[in-house]
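So you can see what is in the structure, the chains are spelled out below.
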Amino acid sequence: MKLTMTHEKVKDYEINGDTMAIVPFINEKGAVCSEVYEREAVILVEKKPFRIIKDNCLYYGGSYDGKKEAARINMGKMCFAPIMIDSKLDLYFFPIQSPRNDTCIWLAQPHIRRIDRTGHKRASVIFSNGMDLPIANTRASLVGKLHRAAQYRSVLVNRTNDRERERERDRDPVLT
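Residues numbered from 1 in each chain as written. Predicted model: local features only at pLDDT ≥ 70, side-chain atom pairs only at ≥ 80, totals over all residues. Heavy atoms only, no water.

Undergrad: What am I meant to see in the environment of leucine 89 here?
TA: Take leucine 89: it is sitting in the loop between β5 (83–86) and β6 (91–95). Sequence separation between leucine 89 and glycine 17 is 72 residues; the distance between their C-alpha atoms is 6.4 Å. (Helix = DSSP H or I, 4+ residues; strand = E, 2+ residues; numbered from the N terminus.)

Right under this line is the structure:
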């Protein structure tokens, strides 16, 4: 799929339903910035990936640390916890390594179609739009993180659906 490269740099970025990945790169001044891959564009952001994630957690109504703790409470203790940025917009991301590492890539779980092995400790993430992103990591490691993020997403979606069914039952006198 052909992507449109946005050459103008932006200082802030709002994660949205089209956001597929946040990838670090070093700009011409030596600072860590981000390439944000959307369905039909790549946007250059003058922030580190972790800062984009943290800022968007706040933007959507919670702290990064709170969202990380929620994942651990719901899924058990884990390294590199998936982060639910916003459940209603289906924004679930997971880091491929320590989030505090400047080389950490963040992937949007709902957009991943599959992960292919491309070599020794090399894999390629194939997104819903057909774009592939080569990553220096094993396929098994990435698949494990993807499955953990999908499971977390499922837990939260099911919990929300259960609550909505309970409310409907309480409102409908025929069902009670």
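After that view of the structure, there is still more to cover.
Undergrad: Explain helix α2 (residues 64–75) to me, please; I cannot follow it from the model alone.
TA: Residues three or four positions apart in an α-helix share a direction because the helix packs 3.6 residues into each turn. Between its terminal C-alpha atoms α2 stretches 16 Å, which fits the 16 Å expected from twelve residues at 1.5 Å a residue. Residues Tyr64, Lys67, Lys68 and Ala71 constitute the buried set of α2. Viewed along the axis of α2, the buried residues span an arc of 100°, placing them on a single side of the element. Where α2 terminates, the next one or two residues include glycine 76, which has phi positive at roughly 95°. (Expected span 1.5 Å × (residues − 1). Buried < 20%, exposed > 50% of the residue type's maximum accessible area, 1.4 Å probe, protein only. Arc of directions from axis to C-beta.)

Undergrad: What exactly am I supposed to notice about the environment of valine 23 here?
TA: Looking at where valine 23 falls in the secondary structure, it is placed in strand β2 (residues 19–26). For the pair formed by valine 23 and glutamate 35, sequence separation is twelve residues and the distance between their alpha carbons is 5.1 Å. Filtering out sequence-adjacent residues up to four positions away, valine 23 remains in contact with Cys33, Ser34, Glu35, Tyr37, Pro49, Ile105 and Leu133. (Contact = heavy atoms within 4.5 Å.)

Undergrad: Explain the pairing of strand β10 (residues 132–135) here, please?
TA: Every second residue of β10 is oriented toward a common face, the buried set being Leu133 and Ile135 and the non-buried set Asp132 and Pro134. Note that strand β9 (residues 122–127) and β10 share four bridges and pair antiparallel. Note that in β10 the partner of isoleucine 126 across the bridge is aspartate 132. From the end of β9 to the start of β10, which pair antiparallel, there are four residues, and glycine 130 there has a positive phi angle of about 95°. (Pairing = 2+ DSSP bridges.)

Undergrad: What am I meant to see in the nonpolar core here?
TA: Inside soluble globular proteins, nonpolar side chains tend to come together where they are buried. By size, the foremost hydrophobic cluster in this structure holds 21 residues, and its most contacted members are Leu107, Phe127 and Leu133. Going through the elements one at a time, β2, β8 (112–119), β9, β10 and α3 (139–171) are the ones with two or more residues in this core. Broken down by element, the residue count for this core peaks at four residues, all from α3. Not counting chain neighbours up to four residues away, the residues in contact with leucine 107 comprise Met20, Ala21, Tyr92, Phe93, Phe94, Ile96, Ile112, Val125, Phe127, Leu133 and Ile135. (Core = buried A, V, L, I, M, F, W, Y, C linked by side-chain atoms within 4.5 Å.)

Geometry only, nothing functional implied.
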